[in-house]
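# Survey of secondary and tertiary structure
Take a look at the letters that make up each chain.
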Amino acid sequence: MIAPHDAEPAPHVAVLIGLVSTEDGDRILETLAALANDRDHACEVVLIDRRRDQVSAEIARQFPGVLLLPCPADETLPAMRAMALSHSRAAIVAVTEDHCVPCQGWLGQIVDAFDADPGLTAVGGPVQNGVVDTGLDWATFLCEYSFFSPPLDEGAAAVLPGMNVAYRRAALKALPAQALTDGFWETTVHPRLQEAGGRFQLRNRMVMFHCKRFSAGLFLRQRFVYSRYYAGLRFPAWQRAKRAAAAVASLVLPPVLLLRIVRSCLAKELRGPLLRALPSLLPMVCVWAAGESWGYVRGPGRALAEIE
């Protein structure tokens, strides 16, 4: 259930979400309904809202216990998560996205993981496709999450999905504040936690359904800006020779990226969905490569603020 933000004592789990989706924007109502319907575990929910639209008003009406805080329209997702963290109180901090719907018992899996292992730093779970009507639906999912599709290798892990993960608050608060806003936590925070001796775990029963129905145009734009962001930060601006070499090398990425996706799908027995997705996956991996090449040449620009 969703506890009022000022409930005493504070719930065990805080769920942090940035409200950013420009398509399928009311999916967040399904996310909140799933959390509210969990009668076994209470959570606090902190939503940082850069959209401030009719869905925001509906959230306030249907889920008065949710803490809904506005932010500038150009705020980045990492900064929104850091803001949400600062307004939450629970000892366990879970992070997901505004188009993801947790499975039944998701909160219980998180609580059980930390109760069973006092030394655990973070726990994550698989990401399952929740929108399966078309080949494009499958392509947008497999392009991003084929690696985290179930089943996963249960137990100790080196990599966790950034939108189905929970942390000990103490571990996050021990990091420099800038580490929480520099970039996406799976690429900036996770390495720092591991360098500090933190331990990660994967649980197959901690399932998150990815439920965003993208248009082809939005997905390709998002894939480009994320790739630009990633590549733009890999080398300092003064390392022009390395940037130029990487920009050229990126042009041969499409077959490498496609092979990586195919291998993940075959390992997860997703042959049918893969065949449906292939016509749409081909332009996606080309845009992925183009975004990286542009990031090496021009740097990240405002890409981080454009990602949803």
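Note that the coordinates shown come from a computational prediction; the quantities given were computed from them, not determined experimentally. (Residues numbered from 1 in each chain as written. Predicted model: local features only at pLDDT ≥ 70, side-chain atom pairs only at ≥ 80, totals over all residues. Heavy atoms only, no water.)

## As for helix α11 (residues 271-298)
Quick reminder: α-helices carry 3.6 residues per turn. Residues three or four places apart thus point the same way. The end-to-end C-alpha distance of α11 is 37 Å, a good match for the 40 Å that 28 residues give at a rise of 1.5 Å each. Largest kink in α11: about 60°, centred on Leu 278, with the proline Pro 279 one to four residues after it. In the stretch just after α11, Gly 299 is the one whose phi turns positive, near 80°. (Helix = DSSP H or I, 4+ residues; strand = E, 2+ residues; numbered from the N terminus. Expected span 1.5 Å × (residues − 1). Bend = angle between axes of the 7 residues up to and from the residue.)

## Comments concerning the side chain of Thr 121
In this structure, Thr 121 sits in the loop between α4 (106-116) and β6 (122-124). For Thr 121, a relative accessible area of 9% gives the class buried. (Buried < 20%, exposed > 50% of the residue type's maximum accessible area, 1.4 Å probe, protein only.)

## Focus: the packing of helix α5 (residues 135-145) against α11
Where α5 contacts α11, the two axes come as close as 7 Å, and the packing angle between them is 55°. In this view, α5 runs oblique relative to α11, as classed from their interaxial angle. The element α5 and its partner α11 pack so that their crossing is right-handed. Listed contacts from α11 to Gly 135, Leu 136, Trp 138, Ala 139, Thr 140, Leu 142 and Cys 143 of α5 are Pro 273, Leu 274, Arg 276, Ala 277, Ser 280, Leu 281, Met 284 and Trp 288. Across the contact of α5 with α11, the residue classes tally to 11 nonpolar, 3 polar and 1 charged. (Axes fitted to C-alpha atoms, helices over the stretch in contact; angles between N-to-C directions. Parallel < 35°, antiparallel > 145°, perpendicular 65-115°, else oblique. Left-handed = near helix turned anticlockwise from the far one by under 90°. Contact = heavy atoms within 4.5 Å. Nonpolar A, V, L, I, M, F, W, Y, C, P; charged D, E, K, R; others polar.)

## A short note on the side chain of Asp 49
Tracing the backbone shows Asp 49 in strand β2 (residues 43-49). Buried charge Asp 49 goes without a salt bridge, the closest partner of opposite sign being Arg 51 at 5.3 Å. (Lys, Arg positive; Asp, Glu negative; His and termini not counted. Salt bridge = Lys/Arg side-chain N within 4 Å of Asp/Glu carboxyl O.)

## What about the environment of Ala 3?
Here Ala 3 shows up in the segment before β1 (13-19). Sequence separation between Ala 3 and Trp 185 is 182 residues; the distance between their C-alpha atoms is 26 Å. Residues within four places of Ala 3 in sequence aside, it is in contact with Pro 11, Ala 42, Cys 43, Glu 44 and Gly 65.

## Quick word on the sheet that holds strand β10 (residues 200-202)
The 8 strands lie next to each other as β3-β2-β1-β4-β9-β6-β10-β8, forming an open sheet whose pairing is mixed. On the outer flanks of this sheet lie β3 (67-70) and β8 (155-157), each paired with one strand and no other. Strand-to-strand twist across the sheet, computed as the mean angle between neighbouring axes with direction ignored, equals 25°. By the bridge criterion, 4 bridges tie β1 to strand β4 (residues 92-95) in an arrangement that is parallel. Within β4, the position partnered with Leu 16 by the bridge is Val 95. The sheet strands contacting helix α1 (residues 28-36) are β1 and β2, and the helix crosses β2 at an angle near 165°. (Pairing = 2+ DSSP bridges.)

## Quick notes on the sheet that holds strand β7 (residues 127-129)
Backbone-to-backbone hydrogen bonds join strands into a sheet, with any given pair of strands oriented parallel or antiparallel. Strand order in the open sheet formed by 3 strands is β5-β11-β7, with mixed pairing between adjacent strands. The two strands at the open ends of the sheet, each matched to only one other strand, are β5 (100-102) and β7. If you compare each strand with its neighbour and ignore which way they point, the axes differ by 35° on average. Looking at chain direction, β7 and strand β11 (residues 208-210) are connected through 3 bridges and run parallel. Counterpart to Val 127 in the pairing with β11 is Met 208. In this fold α5 packs onto β7 and β11, with an angle of close to 165° to the strand it touches most, β7.

## Observations regarding the nonpolar core
By size, the foremost hydrophobic cluster in this structure holds 58 residues, and its most contacted members are Val 15 and Trp 106. Ranked by residue count, the leading element in this core is α11, at 7 residues. Those residues in contact with Trp 106 that sit more than four places away from it in its chain are Val 15, Leu 35, Ala 94, Asn 164, Met 206, Val 207 and Met 208. (Core = buried A, V, L, I, M, F, W, Y, C linked by side-chain atoms within 4.5 Å.)

## Remarks on the pairing of β4
Of the two faces of β4, the one holding Ile 92 and Ala 94 and the one holding Val 93 and Val 95 are both buried throughout. As paired elements, β4 and strand β9 (residues 165-168) share 4 bridges and run antiparallel to each other. Bridge assignment links Ile 92 to a residue of β9, and that residue is Arg 168.

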